[in-house]
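Residues per chain, in single letters:
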Amino acid sequence: MPGVQSSERTYGDRVAVVTVTYSPGRTLDTFLDSLAGATTRAGVPVILADNGSVDGAPERAARERDEVRFLPIGENVGYGAAANRGVAELDDAYGWVVVANPDLQWAPGSLDALLAASARHPRAGALGPLVREPSGEVYPSAREVPSLLAGAGHAALGPVWPGNPWTVAYRRSREDLTERSAGWLSGSCLLLRRTAFDSVDGFDPRYFMYFEDVDLGLRLTAAGWRNVYVPSAEVVHVGGASTGKPGVSARMLAEHHRSAYRFLAGRHPGPARAPLRIAVRAGLAVRSRLVARAGR
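Residues numbered from 1 in each chain as written. Predicted model: local features only at pLDDT ≥ 70, side-chain atom pairs only at ≥ 80, totals over all residues. Heavy atoms only, no water.

1. Points about the side chain of S53
Piece 1. Residue position: S53 is located in the loop between β2 (46-50) and α2 (57-64).
Piece 2. Residue classification places S53 among the buried residues on the basis of a relative accessible area of 11%.
Piece 3. Within the structure, S53 has its side chain in polar contact with the side chain of D50 (distance 2.4 Å).
Piece 4. Once residues lying within four places of it in the same chain are set aside, the contact partners of S53 are T21, Y22, S23, P24 and P58. (Helix = DSSP H or I, 4+ residues; strand = E, 2+ residues; numbered from the N terminus. Buried < 20%, exposed > 50% of the residue type's maximum accessible area, 1.4 Å probe, protein only. Polar contact = N/O pair within 3.5 Å; in protein donor to acceptor, adjacent residues only side chain to side chain. Contact = heavy atoms within 4.5 Å.)

2. As for α2
Piece 1. What α2 keeps buried is the set A57, P58, R60 and A61. In a view along the axis of α2, the buried residues occupy a sector of 160°, so they form one face of it.
Piece 2. At its buried positions, α2 is contacted by β1 (14-21), α1 (27-36), β2 and β3 (68-72). (Arc of directions from axis to C-beta.)

3. What about the packing of aromatic side chains?
How two aromatic rings sit relative to each other is given by the distance of their centres and the angle of their planes.
Piece 1. This model, assessed by the stated rule, comprises three aromatic pairs.
Piece 2. Here the aromatic rings of F197 and F203 are separated by 5.6 Å at their centres, their planes lie at 75°, and the arrangement is edge-to-face. Note on accessibility: F197 and F203 belong to one class, buried.
Piece 3. Sitting over the ring of W225, R123 keeps its end group 3.8 Å from the ring centre. (Phe/Tyr/Trp six-rings, centres within 6.5 Å; stacked < 30°, edge-to-face > 60°. Lys NZ or Arg CZ within 6 Å of the ring centre and 35° of its normal.)

4. Considering the confidence of the model for the protein chain
Piece 1. Summing up the model confidence of the protein chain, the mean pLDDT is 84 and the portion of residues at 70 or higher is 72%.
Piece 2. Scored below 50 in pLDDT, residues 1-6 shows nine contacts in the model against residues more than four places distant or in partner chains.
Piece 3. Here residues 241-248 is a poorly scored stretch, pLDDT under 50, and it has twelve contacts once near neighbours within four places are set aside; other chains count. (pLDDT = per-residue confidence, 0-100.)

5. A closer look at helix α8 (residues 212-222)
Two residues of an α-helix separated by three or four positions point the same way, owing to the 3.6 residues in each turn.
Piece 1. Looking only at α8, the buried set comprises E212, D213, V214, D215, L216, G217 and L220.
Piece 2. Just downstream of α8 lies G224, where phi reads positive at about 95°.

Have a look at this one:
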């Protein structure tokens, strides 16, 4: 089968959860409390891959909850790299791993719904739930991989013209709530088949934050796997407890644009595409100024 090596490891059918923490505050309690109702499976372990929290929340959760393990990384290595380290801590009994943000609230039965969908889609390498905003609005968490032109148009015009054709197409999954394949799924909550995750060497650690999920979805597809959207499973993304802090949010905007450029430019190398890469960089610079101005 494409993308699967003959020497692949054999895994059991247990499931574990890896969440990357960075001073998550009380949102971590909400995540862990709601996770208990998301599955009928007993004893699902949770690894907190910690990128240098200073609020004590991950350590407290590990002390107070038997199923939770604190994995200190010692520095902020980024989302994908930390998730990779968390997954690497699991033994071969775990053939399924959830990688999720700690500021999610699980709907009852949502993890079981993802696991049930995996049986319907044996070539699914990643499965993602419907993600809602705290307002109840559906977040477009299952999208197509953007082309260079579409990515540049969305990046440059999205903040000032939300109805532009590239942004509308990019976010079309907000309306399509059917179980289906997608180009990529939001990394805020993913159920990953470990054989698939292994076959592409996990997240690309060059992405500090943002676009590591787009890149993963593209590489899974290239390796012969599918990204499957499962709207019968729901989570609520409460919001950035860590990334919303003063100073951090400005850095995250810069990281978003850096990752966007890395992804789009990496798909279009060579001197012939240099003018397009320059246009992308210019569009992202314009977006940065517009968003910063709006924030002020």
